[in-house]
Amino acid sequence: MASFGWKRKIGEKVSKATSQQFEAEAADDKGLGEDDDANWVLAAKRRKEVLLEDCVRKSKQLKDEGANLAENMRYREALVKWDEALQLTPEDATLYEMKSQVLMSLHEMFPAVHAAEMAVQRNPRSWDAWQTLGRAQLGLGEIALAIRSFQVSLHIFPMNPEVWKEDLSWARKLQVQQKATKTELVQGLAKGEELVQESIPDYDFESDEIVAVCAAIAEKEKALSAAKTMVIVSASGTVETVTEQDNCPATPDETLFIRAR
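Residue numbering note: each chain is counted from 1, following its sequence as written. Where local features are concerned, this predicted model is filtered to residues with pLDDT of at least 70; where side-chain atom pairs are given and counted, the filter is 80 or more; whole-chain, interface and lining totals use all residues. As a rule here, side-chain values cover all heavy atoms of the structure and leave hydrogens and water aside.

Engineer: Would you mind going over the nonpolar core with me for this structure?
Structural biologist: Generally speaking, soluble globular proteins have nonpolar side chains that are buried together. Working definition of a nonpolar core: buried Ala, Val, Leu, Ile, Met, Phe, Trp, Tyr and Cys residues. They are joined through side-chain atoms within 4.5 Å. Whether a residue is buried, partly exposed or exposed follows from its accessible area with a 1.4 Å probe, protein chains only, as a fraction of its type maximum: under 20%, in between, or over 50%, in that order. In this structure, Ala-70, Trp-82, Val-102 and Leu-133 are the most contacted members of the largest nonpolar core, which totals 28 residues. A run of H or I in DSSP counts as a helix once it spans at least four residues, and a run of E counts as a strand once it spans at least two, with each numbered from the N terminus. The set of elements that each furnish at least two residues to this core consists of helix H1 (16-71), helix H2 (75-88), helix H3 (93-105), helix H4 (109-122) and helix H5 (127-139). Per-element accounting of this core gives the leading share, eight residues, to H4. Residues Leu-138, Ile-147, Leu-154 and Val-163 belong to the second largest nonpolar core, which totals nine residues.

Engineer: Help me understand the UniProt feature "repeat: TPR" (unreviewed entry) in the protein, please; the structure alone is not making it clear to me.
Structural biologist: Taking the numbering used here, the UniProt-annotated feature "repeat: TPR" (unreviewed entry) corresponds to residues 127-160. For the annotated span residues 127-160, helix accounts for 79% and strand for 0% of the residues, and the straight-line distance between the end C-alpha atoms is 9 Å. UniProt positions are given in the numbering used here, feature names are shortened, and annotations may be inferred rather than shown by experiment.

Engineer: I would appreciate a short explanation of the side chain of Lys-63 in the present structure.
Structural biologist: You can see Lys-63 is positioned in helix H1. For Lys-63, a relative accessible area of 19% puts it in the buried group. Should any heavy atoms of two residues lie within 4.5 Å, those residues are considered in contact. Non-local contacts of Lys-63, meaning those with residues more than four positions away in its chain, are made with Trp-82, Ala-85, Asp-92, Thr-94, Leu-95 and Met-98.

Engineer: Mind showing me how you'd approach the packing of H3 against H4 here?
Structural biologist: Helix packing geometry: the angle between the two helix axes and the distance between the axes. Axes here mean lines fitted to C-alpha atoms, for a helix over just the part in contact, with angles spanning 0 to 180 degrees between N-to-C directions. Close contact between H3 and H4 brings their axes to 8 Å; oriented N to C, the two are set at 160°. The angle between the axes of H3 and H4 places the two elements in the roughly antiparallel class. Handedness of the crossing formed by H3 with H4: left-handed. Mapping the contact onto sequence places Ala-93, Tyr-96, Glu-97, Ser-100, Leu-103 and Met-104 in H3 and Met-109, Pro-111, Ala-112, Ala-115, Ala-116, Met-118, Ala-119 and Arg-122 in H4. Under the scheme applied here, ten amino acids are nonpolar (Ala, Val, Leu, Ile, Met, Phe, Trp, Tyr, Cys and Pro), four are charged (Asp, Glu, Lys and Arg), and all others, including Gly, are polar. A breakdown of the residues in the contact of H3 with H4 according to their chemical character gives eleven nonpolar, one polar and two charged. Oblique is the label for any angle not under 35 degrees, not over 145, and not in the 65 to 115 range, which are roughly parallel, roughly antiparallel and roughly perpendicular in turn. Each helix crossing is assigned a hand: it is left-handed if the near helix lies turned anticlockwise from the far helix by less than a right angle, otherwise right-handed if that turn is clockwise.

As structure tokens, this is what we get:
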């Protein structure tokens, strides 16, 4: 019967020197692989950073070019520059705020409000974005919303005299005028309704005065109907007015006169 023994380990006959050389080469290969992976990640990150830096630099250049165009009142060209810049840096709140100002100068109030809202969404702590939003809302006649935007701007930057003395003060004056106009309109409508109601008097057709007037008119009509008059023109041109009574009619000779009514 064969005796039982431990199984021989794989590689037991490999020499120690060969084994050490193989382990060293494997370690070198592993180190090179890890270095390659690390280098690739670093290269990708660096490439991304360079690309972002290029986008920011190009966006700033376009922003400055648009600002110069806007100062020279070339608003449409400025909007083109800023739209190109927003393609590179879509989170730049300043670009939207500047775009809103130019749109207000072009009297395009709805796009101006939209651009200002985008600026506020991207930077809620920007007092000038809130100020621009309030001005755009005021251009649309949204006085209450404009007052709120100006108040938020002052809350962020309380020492801004422009918002306090000009924007907010003007918006409150407009609000007072709007309320007064609405009050006058309501009063005018109420007064018009009262006049319409008063224009239809309530006559008493059975009063003594009305009965007496009707009786007098009836007597006059009766007298006129009792006596009839007619104008007679003769062949020679003589005109004569003849009154006919119901009981004794006066009929001239028809060969001498022509009856005219």
